[in-house]
Amino acid sequence: MKLKPSPFAPAAFPTLPAVKGVLAATASRGFYARRGVERDDVFLFVLPDGTSTAGVFTRSHTASADVDWCRVALKAGKGKARALVVNAGNSNAFTGKAGVLKNDATLKAMVETLGVPREECFLAATGVIGEPLPDPNYMGQMLPDLSGRLAPPDWEACTRAFMTTDTFPKASGGSCEIDGVEVSVAGILKGSGMIMPNMATMLCYVFTDAALTPEVLDTLLRGSVDRSLNSVTVDGDTSTSDSCMLFATGGSGAPLIESADDPRLEAFRALIDETFRDLAHQLVKDGEGASKFVEIRIEGAVSEASAKTIGMHIANSPLIKTAMAAGDANWGRIVMAVGKSLEPISKDEMRIWFGDHLVAEGGMRSPGYDEARASAHFAGDHISVRVDVAAGDAAWTVWTCDLTHAYVDINGAYRT
């Protein structure tokens with residue numbers, strides 16, 4: 001089916017900086033041809049020798065064969081990376097031995113074509129679950145052609161190549177200095193549905209030419225992902241293929257950073273945090289059928305984990321998400337979601353705001369409640385919900401979107 005563009009789709013693809021040492025190419029393997037669509041659906045990234053990497057992956061117990069391999073490669077390669085192949089249209093999840101054979105053939109082709117170690121090659125796939133490829137070497141056959149067309153990345157082409165139900169390509173990045181040397185960051189992401197990351201998001205790759213050890217990258221990645229990609233939800237479903245990786249080529253000439261506590265990382269850490277936060281927001285804004293971007297802030301919790309749990313109960317409630325779609329400022333549903341989280345709260349001291357309007361306090365509707373004012377906030381395309389559960393000092397923010405009939409239309413026709 002032809003997807004209606006998200007109302008939050010940007011007017012133009014963002015301008016991303018060049019990341020020294022990164023090469024890429026895209027191509028079509030025909031995964032969408034049966035749907036009458038001609039488009040690129042595969043990309044290859046090649047990285048210089050010595051590139052460091054870190055990754056986080058889905059916690060799903062039905063993870064794809066590609067995720068399984070990446071976990072093995074991260075450990076076997078000791079956090080080094082030379083190549084990445086990703087396809088859209090087939091997730092290679094729950095494909096049994098056929099999925100492993102496909103990966104073995106692809107990795108063999110990467111080693112032979114690119115001359116890189118097998119344990120420094122990474123794979124990912126996104127699309128329909130449970131459809132084995134007709135030939136184990138289906139992807140490997142593309143490597144000679146892709147490697148012959150390597151060039152500095154066309155970030156937009158790469159981003160479009162791994163889109164599935166996305167309605168716009170998502171990317172973010174920028175530049176800063178480390179010890180007086182300019183370094184660049186460029187990140188691309190795909191995801192629209194089956195989004196409640198339990199690690200990161202569907203597929204996300206961020207590249208930098210800073211020089212960082214794998215240990216430093218791992219610390220930066222996990223810290224950034226926790227407060228961004230791991231704090232969004234579209235529909236409460238965690239993908240079998242969720243993968244997020246951060247690569248550092250060292251091509252900038254900046255000094256090697258070997259400690260995440262190095263004060264020279266301050267500006268870079270802020271840039272990485274902002275890049276992931278921006279990508280996370282774009283993900284939610286392109287949620288399948290979304291018409292509203294929603295921020296939910298939980299304060300006064302006993303711990304950050306408790307605050308996040310409460311926030312996710314609100315963000316994943318179909319009752320709340322459909323009310324938001326209709327512009328119905330039903331604060332009683334927020335009360336319901338907070339209570340069902342089973343997290344510690346002080347019911348009689350809890351307060352709820354829609355935007356800057358206090359709608360509930362003291363265990364009941366606020367004396368200053370104004371239905372017109374609350375409804376006006378819910379009528380907008382950006383909704384803010386803040387809840388103080390009055391049980392402690394911890395806080396957390398999560399992001400989601402509304403739930404419209406378009407979500408049903410998209411997912412009802414996903415395989416057709």
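Data block above holds the structure.
The following paragraphs examine the structure supplied in this document. In this text, all values refer to a predicted model and were calculated from it rather than measured experimentally.

Each value, and the rule that gives it
- Residues numbered from 1 in each chain as written.
- Predicted model: local features only at pLDDT ≥ 70, side-chain atom pairs only at ≥ 80, totals over all residues.
- Heavy atoms only, no water.
- Helix = DSSP H or I, 4+ residues; strand = E, 2+ residues; numbered from the N terminus.
- Polar contact = N/O pair within 3.5 Å; in protein donor to acceptor, adjacent residues only side chain to side chain.
- Pairing = 2+ DSSP bridges.
- Axes fitted to C-alpha atoms, helices over the stretch in contact; angles between N-to-C directions.
- Contact = heavy atoms within 4.5 Å.
- Core = buried A, V, L, I, M, F, W, Y, C linked by side-chain atoms within 4.5 Å.
- Buried < 20%, exposed > 50% of the residue type's maximum accessible area, 1.4 Å probe, protein only.
- Phe/Tyr/Trp six-rings, centres within 6.5 Å; stacked < 30°, edge-to-face > 60°.
- Lys NZ or Arg CZ within 6 Å of the ring centre and 35° of its normal.
- Expected span 1.5 Å × (residues − 1).
- Parallel < 35°, antiparallel > 145°, perpendicular 65-115°, else oblique.
- Left-handed = near helix turned anticlockwise from the far one by under 90°.
- Nonpolar A, V, L, I, M, F, W, Y, C, P; charged D, E, K, R; others polar.

Comments concerning the side chain of serine 184
Here serine 184 is to be found in strand β7 (residues 181-190). A distance of 3.3 Å separates the side chain of serine 184 from the side chain of serine 175, its partner in a polar contact.

Section: unusual backbone geometry
One non-glycine residue with positive phi stands out, namely phenylalanine 94, at about 55°. By the secondary structure assignment, phenylalanine 94 is in the loop between β4 (83-90) and α2 (96-114).

As for the sheet that holds β7
Here we have five strands laid out as an open sheet, ordered β3-β9-β8-β7-β6, and mixed in their pairing. Edge positions in the sheet fall to β3 (52-57) and β6 (170-178), since each of these pairs with one other strand and no more. The mean inter-strand angle of the sheet, taken between neighbouring strand axes irrespective of direction, is 10°. Together, β3 and β9 (243-248) form the strand contacts of helix α1 (residues 65-76), whose direction differs from that of β3 by roughly 140°.

A look at the nonpolar core
Among the nonpolar cores identified, the biggest contains 55 residues, and Phe43, Phe45, Trp155, Tyr205 and Phe207 are the most heavily contacted of them. With sequence-adjacent residues up to four places away left out, phenylalanine 45 is seen in contact with Val22, Leu23, Ala24, Arg82, Ala83, Leu84, Pro153, Trp155, Cys158, Ile188 and Phe207. One finds Leu220, Val234, Ala280 and Trp399 within the second-largest nonpolar core, a separate group that totals 38 residues.

Re the packing of aromatic side chains
Overall, the coordinates contain ten aromatic pairs when judged by the stated rule. Between phenylalanine 207 and phenylalanine 247 the ring centres are 5.1 Å apart and the planes differ by 15°, which places this aromatic pair in the stacked class. With a gap of 40 residues between them, phenylalanine 207 in strand β8 (residues 203-208) and phenylalanine 247 in strand β9 connect regions that are remote in the sequence. For the cation-ring pair, arginine 39 lies above tyrosine 32, with the distance from its terminal atom to the ring centre recorded as 4.2 Å. The ring of phenylalanine 168 carries the charged tip of lysine 170 above its face, separated from the ring centre by 4.7 Å.

Some details on the environment of serine 175
On the secondary structure map, serine 175 appears in strand β6. Taking the C-alpha atoms as reference, serine 175 lies 32 Å from valine 72; in sequence the two are 103 residues apart. Once residues lying within four places of it in the same chain are set aside, the contact partners of serine 175 are Pro17, Glu182, Val183, Ser184 and Leu271.

A short note on α1
Relative to the 16 Å expected for twelve residues at 1.5 Å per residue, α1 spans 16 Å between its end C-alpha atoms, a close match to the ideal helical length. Taken residue by residue, α1 has Ala65, Asp66, Val67, Trp69, Cys70, Ala73 and Leu74 as its buried positions. Looking one or two residues past α1, lysine 78 carries a phi angle of roughly 55°, positive in sign.

Brief notes about the packing of helix α5 (residues 214-226) against helix α6 (residues 266-285)
For any two helices packed against each other, one specifies the inter-axial angle together with the distance between the axes. Contact pair α5 / α6: the axes reach a minimum separation of 9 Å and the direction vectors enclose 45°. Here α5 is positioned oblique relative to α6, judged by the angle of their axes. As α5 runs across α6, the sense of the crossing is right-handed. Across the interface between the two elements, Leu220, Leu221, Ser224 and Val225 of α5 pack against Phe268, Arg269, Ile272, Asp273 and Phe276 of α6.

Brief notes about α2
The end-to-end C-alpha distance of α2, which contains 19 residues, comes to 27 Å, matching closely the 27 Å that a straight helix rising 1.5 Å per residue would cover. The set of residues buried in α2 consists of Gly99, Lys102, Asn103, Ala105, Thr106, Leu107, Ala109, Met110 and Leu114. Buried residues along α2 sit against β2 (42-46), α1, β4, β5 (121-128) and α3 (143-148). In the segment just after α2, glycine 115 is the residue with positive phi, at about 65°.

As for the packing of α1 against α2
With their axes 9 Å apart at the nearest point, α1 and α2 run at an angle of 55° to one another. Relative to α2, α1 is oriented oblique. Judged by the sense of rotation from one axis to the other, the crossing of α1 with α2 is right-handed. Contact residues: Ala65, Asp66 and Trp69 in α1; Gly99, Val100, Lys102, Asn103 and Leu107 in α2. Residue composition of the contact of α1 with α2, grouped by class: four nonpolar, two polar and two charged.

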